[in-house]
Amino acid sequence: LPSPGSDPALQPLLPHATPHAPRLARCLLAPRTRNLTDVCIVCFVLNLFRHKKLGSWLLSLMISVQADFFWPLAVLFSIATFGGIIICAVGPTRLDLSFCASFCAALVAVCELNFGWFGMLQICMLKGLKVRCWFPAACYYTKSNAPDIHVLFPLVWLPLGVFLSICGALWRPWYAAFYVLPWGLVGHGPLLDMHWWQWREVIVGGVFWFYFIFVLLAARSRAFLLAQGDDRRYLIIVGGIFGLACTIMTYWLTVPPLVTYWLFLASPWTVLARDLFLHHKVPGLALEEWLAVVAMVWALARVAYIGAIAQLGRLIARQHMEDTLRDALAHPFRAELEQGFGQGLGQGIARMASLTSPAPPTGDTSSDADLEYGTYDSSRGSRMCIKEKQTLMLVERKELLLKQAGCKAALPGYLRLSVHRDRIVEDTVTALFDRPVSELLAPMVSVKFEGELGVDAGGLTRDWFDSVGRCLAEQARQSASTKEVALLATAPDQTLIPRSVGSDNGDVSSEQQERFRALLALGRFLALAVFHKHPLPVSFSLILCKHMLRVPVGMGDVRQLDPEFYNGRVAQVLKVGGLAEINAALGEPLTFVSAASEAVPEPQELKRGGAEVIVTDENKTEYVQLLCEAYLCGGIRREIQCLLQGFWDVLPLEVLLKSNVKPRELSLLMSGIAHLDPQEWKSNCDGDRGEVQFTWFWQVVQDLNSEQRCMLLHFATGSSRLPPGGWRELAPCFTVKVTDGGSDSYLPHAHTCVNQIVLHRYKSKDQLYHKLLHAILTEDFGFA
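The present account deals with the structure reproduced in this document. (Residues numbered from 1 in each chain as written. Predicted model: local features only at pLDDT ≥ 70, side-chain atom pairs only at ≥ 80, totals over all residues. Heavy atoms only, no water.)

Here we look at the overall build of the protein chain
Counting secondary structure elements, the protein chain contains 29 helices and ten strands. A buried classification covers 46% of the 784 residues belonging to the protein chain. A separation of at least 24 residues holds for 72% of the contacts in the protein chain among residues at least 6 apart in sequence. Surface exposure of the protein chain reaches about 40,600 Å², of which carbon and sulfur atoms provide 62%. (Helix = DSSP H or I, 4+ residues; strand = E, 2+ residues; numbered from the N terminus. Buried < 20%, exposed > 50% of the residue type's maximum accessible area, 1.4 Å probe, protein only. Contact = heavy atoms within 4.5 Å. Areas by Shrake-Rupley, 256 points an atom, 1.4 Å probe, with all protein chains shown as cover.)

This is the structure:
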């Protein structure tokens, strides 16, 4: 009630499917950047072959690989090793080494210095740079009068050309900036007379000085001066390494073979501009040049389309969320109830008994519970684990997002957020409300806390998720006077549910609309935590998780949520003679009117004219269904709908269903798997300590993994997390009871209202293990 085939107006509103990328866009995005680059490279090789320059270019490439890649890296490695040994020997943190260790370190330092010097000489020889002999008596030459450099004695030669090139890269940018370029603007100076290698020194040196000056200016900023000593050193090191990496990359991109390639890519454009605009004729390009032009135009169009889609996504994201909010407010949520809900008090026990088959079978046979809840793997002692389901969920969501975008390159790479700790919830909901879904699902998240230093390498993101979760939980625990700022409320079972904003019907004020927008963003935040695998330090209601998965609610869920309500208003009506007792206590007949709750203090009619309809034995099942549905959702129907729509916007329902995630598992994905120490758990436990089943139980708990222990805690208490104070604040304390009722074929059951798990008299520890594991992995067979 309502069933999947009932009136759509009674069903939870589902988000509309996002259309796939247009066919033209998919064609445009089909070739990747790598494919277009390969086309350009093939055209370049064909052009070299046509001009009979392929051999000389390959020889130049081989020389550049050695002189510009291999030997410079070898020299940098030798310098770093030599410097590290010197720092360890004479620096402020020098090591106290023995004579033998000091001798070995000195020998390694000499070898590294010797190898680095040899590398610089090899660079000079390969590039034809100057090499000078320091000791003529120790220098030897080949028959062609070239220096004969031996790897064991390279220090007799001076790699003068390398030092001159380094000095040129340091001074030539300033020479070009203050002399060559100013005179070149007035038609004088050596602007046109400079060689390419001189311009290369200008480019490489310019990049180096740019980052050097940037680091100096950053070191004089106010934020840097207020930072701690370790943070300062970290920022300086990171800035220096990044500047060095950019300088090396610029050096590599300007090697002669690559410069030839860049000129090939640029030359067709100059020919096109000259022939089309100056001579007004058909450009005289070769076939490979036309193909290269097409590939470059395609790449530019691809980049332009991706940029336009990103901008358009940001523009329509807020309108999409406003439309979602309007639809959610127009379709208040109604809970779905299990078939046969309220038809008898024995329903939960009967269903539990139907699952009490012997230990889960192996081989090709399978029980009804296995067919419903997944294939049992006796080798691992569990079915498909939560991590595997979460991985499947993420794969399904990424595939759906990829179909909508057209290609991976059209998807953002980062989700960047900036929040303030003092208003972290407000800043978070503001930042998440109008972000495109593709940006929310970016593979990397970068969070910046305003007024704080720090580079997010994952720690700040975890801090953000944890801080928002703790703030939400703290606001939910606040007193009634602060309800206006809290988005969540504490349910009777101490889990979290949406807090009431207003009535389920009628107009919505602007202030209430902001609260509903915040709930939409909160739903996105919860889905974001699941997608990025950052569990929150809060525990959400299992019924809310059932709503997220469109799983019908059972009587056991009502009993778990509020045992007092269930016993006083549900069980009393359903039991034989219960109606007569209620009517006698009220002094008037019971009618179709809801029970008072925190969200709806005043009772309301459960159906039209319900105040005049008397509850009888014939219609009491309908009464219980309407009563429980109103108790679960009354006063917060719009709030639940907004939260669900925000969650489904990031993780669509179809993705959740394909991954076969169960409500309890979804609760664990949102709330996390906390570390539960079995010894501490046992020391804060009460129960039948003299029974052998009690001893076996704790041995089994010791054998369970962290995920299974959390599911056991959720099974017994309704929450996968402990209170902030740990086991000592769990009230009432955890209890293990051994009962004589039933038989050893029954599964364990729980009294979540008193945090108690009930075991039957199993005949062995292995039998108890299989029964307990089967119970915690089986969804909602009934809480006793």
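There's more to say after this.
Observations regarding a nonpolar patch on the surface
A contiguous nonpolar patch, built from Ile166, Leu170, Trp174, Phe178, Phe208, Phe212, Ile213, Leu216 and Leu217 and spanning about 860 Å² of accessible area, is present on the exposed surface. At the level of elements, helix H5 (160-185) and helix H6 (196-219) are the ones that each hand at least two residues to the nonpolar patch. Considering every element that reaches the nonpolar patch, the biggest residue donor is H6, with five residues. (Patch = residues over 30% accessible without salt bridge, like charges linked within 9 Å, V, L, I, M, F, W, Y side chains within 5 Å. Salt bridge = Lys/Arg side-chain N within 4 Å of Asp/Glu carboxyl O.)

What about the environment of Val593?
Tracing the chain through its elements places Val593 in the loop between helix H21 (578-586) and helix H22 (620-633). Distance from Val593 to Glu612, taken between C-alpha atoms, is 9.2 Å for residues 19 residues apart in sequence. What Val593 contacts, discounting residues up to four positions off in sequence, is Arg569, Pro603, Gln604, Glu605, Leu606, Ala611, Tyr623 and Leu627.

Topic: the sheet that holds strand S7 (residues 685-687)
Across the sheet, four strands lie side by side as S7-S8-S10-S9; this open sheet has mixed pairing. Two strands in the sheet have a free side with no partner beyond their single neighbour: S7 and strand S9 (749-751). Across the sheet, the mean angle separating the axes of adjacent strands is 25° when strand polarity is ignored. As paired elements, S7 and strand S8 (residues 734-738) share three bridges and run parallel to each other. When the bridges of S8 are listed, Asp686 appears paired with Thr735. Sheet strands in contact with helix H27 (residues 692-703) are S7, S8 and strand S10 (756-759), and its direction is about 130° off that of S8. (Pairing = 2+ DSSP bridges. Axes fitted to C-alpha atoms, helices over the stretch in contact; angles between N-to-C directions.)

A few points about the packing of aromatic side chains
For the structure shown, the criterion picks out 31 aromatic pairs. Seen in terms of ring centroids, Trp464 and Phe525 are 5.4 Å apart; in terms of plane orientation they differ by 85°. Their pairing is edge-to-face. Of the two residues, Trp464 is situated in helix H16 (residues 459-476) and Phe525 in helix H17 (residues 510-531); the sequence distance between them amounts to 61 residues. Ring pairs connect the aromatic residues Phe44, Trp57, Tyr261, Trp262 and Phe264, which therefore count as one cluster. Directly above the aromatic system of Tyr414 lies the positively charged group of Arg416, at a separation of 4.4 Å from the ring centroid. (Phe/Tyr/Trp six-rings, centres within 6.5 Å; stacked < 30°, edge-to-face > 60°. Lys NZ or Arg CZ within 6 Å of the ring centre and 35° of its normal.)

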